[in-house]
Amino acid sequence: MAAMYMNVPVEDILPDFPHGPLAKYRRMASFDWKKMKLFIEGEDRIKFTHWVFDTLSKDPVFTKQLTTPDLMDQKEINTKRLIRVMDFNFADPNDIEKSLLLADCLYTYDMELGAKFNLHMNVFRTTVSMMGSARHADIVAKAGTFEIFGCFALTEMAHGSN
C-alpha cells in the first residue's frame, strides 16, 4: 500500500488552493509555497503524511462525530482507532523516525489518539528498548504489535505524587 503512495507525484498531493478572497494575495507572494513545503518537509514526508491522512479519511472508524461523546466513549473510540492504525501498518515499529511522523499525523487528527500512540510506542516501548536488557526483548516485540500496551507514570519528589 505504501509503495502506491510513494509513486504519486508531489504535484498531485499538493493541489492549488481553491479560488477565493485570498487568491489575489497568493498571486502576489514572492515565493512558491509548494516549493517551500517540499524544501522544509521533503518529498518522502509529504507522501507519507498524505498516505496516512488519505487512509484515515476513507475508514469509517475515523469519522468525526457531530456531538462530543462522553469520556468513556471517547476512550473506547480512540482505542478502536489505535487498533486500526496498527492494522494499517503505516510504519515498522523499529523505525523511530516514521513512528514519530505517524504520531504527528495522529496528533493532528486527534490529540488523545496521538498521545495514546506516542506514549505507548515512543515513550513506553522505546524506554524499555533502550534501558532494558536482552530479557526485555519479548516485551519490546509484543509492544510493537500491541499484544501488550504500556503506560507511563511519573513521580516527582515533594510534589504530592510520591
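The structure displayed is predicted, hence computed values, not measured ones.

**Focus on the side chain of H120**
Moving on, step 1. Positionally, H120 belongs in helix α8 (residues 111-131).
Moving on, step 2. Taking the relative accessible area as the measure of exposure, H120 reaches 0% and is therefore buried.
Moving on, step 3. In contact with H120, not counting residues within four places along its chain, are R125, A143, F146, I148, F149 and G150.

**A closer look at the layout of surface pockets**
Moving on, step 1. There is about 260 Å³ of room inside the largest pocket.
Moving on, step 2. Forming the boundary of the largest pocket are D16, F17, P18, H19, A23, R26, A29, F31, D32, W33 and K34.
Moving on, step 3. Of all the elements in the fold, those that place two or more residues in the lining of the largest pocket are α3 (23-27) and α4 (33-41).
Moving on, step 4. When grouped by side-chain class, the residues that make up the lining of the largest pocket number six nonpolar, one polar and four charged.
Moving on, step 5. Within this model, the second largest pocket holds a volume of roughly 180 Å³.
Moving on, step 6. Lining of the second largest pocket is provided by K64, Q65, L66, T67, T68, P69, Q74, I77, N78, R81, D110 and E112.
Moving on, step 7. Looking at the lining of the second largest pocket, the element that brings in the most residues is helix α6 (residues 71-88), giving four residues.
Moving on, step 8. Of the residues assigned to the lining of the second largest pocket, the class counts are three nonpolar, five polar and four charged.

Reading the values: the criteria
Residues numbered from 1 in each chain as written. Predicted model: local features only at pLDDT ≥ 70, side-chain atom pairs only at ≥ 80, totals over all residues. Heavy atoms only, no water. Helix = DSSP H or I, 4+ residues; strand = E, 2+ residues; numbered from the N terminus. Buried < 20%, exposed > 50% of the residue type's maximum accessible area, 1.4 Å probe, protein only. Contact = heavy atoms within 4.5 Å. 1 Å grid on protein atoms, 1.4 Å probe; cavity = no way out; pocket = protein on both sides within 12 Å on 5 of 7 lines; lining within 4 Å. Points joined across faces, edges and corners; volume = space filled by probe spheres on them. Nonpolar A, V, L, I, M, F, W, Y, C, P; charged D, E, K, R; others polar.

Read these as geometric descriptors, not functional statements.
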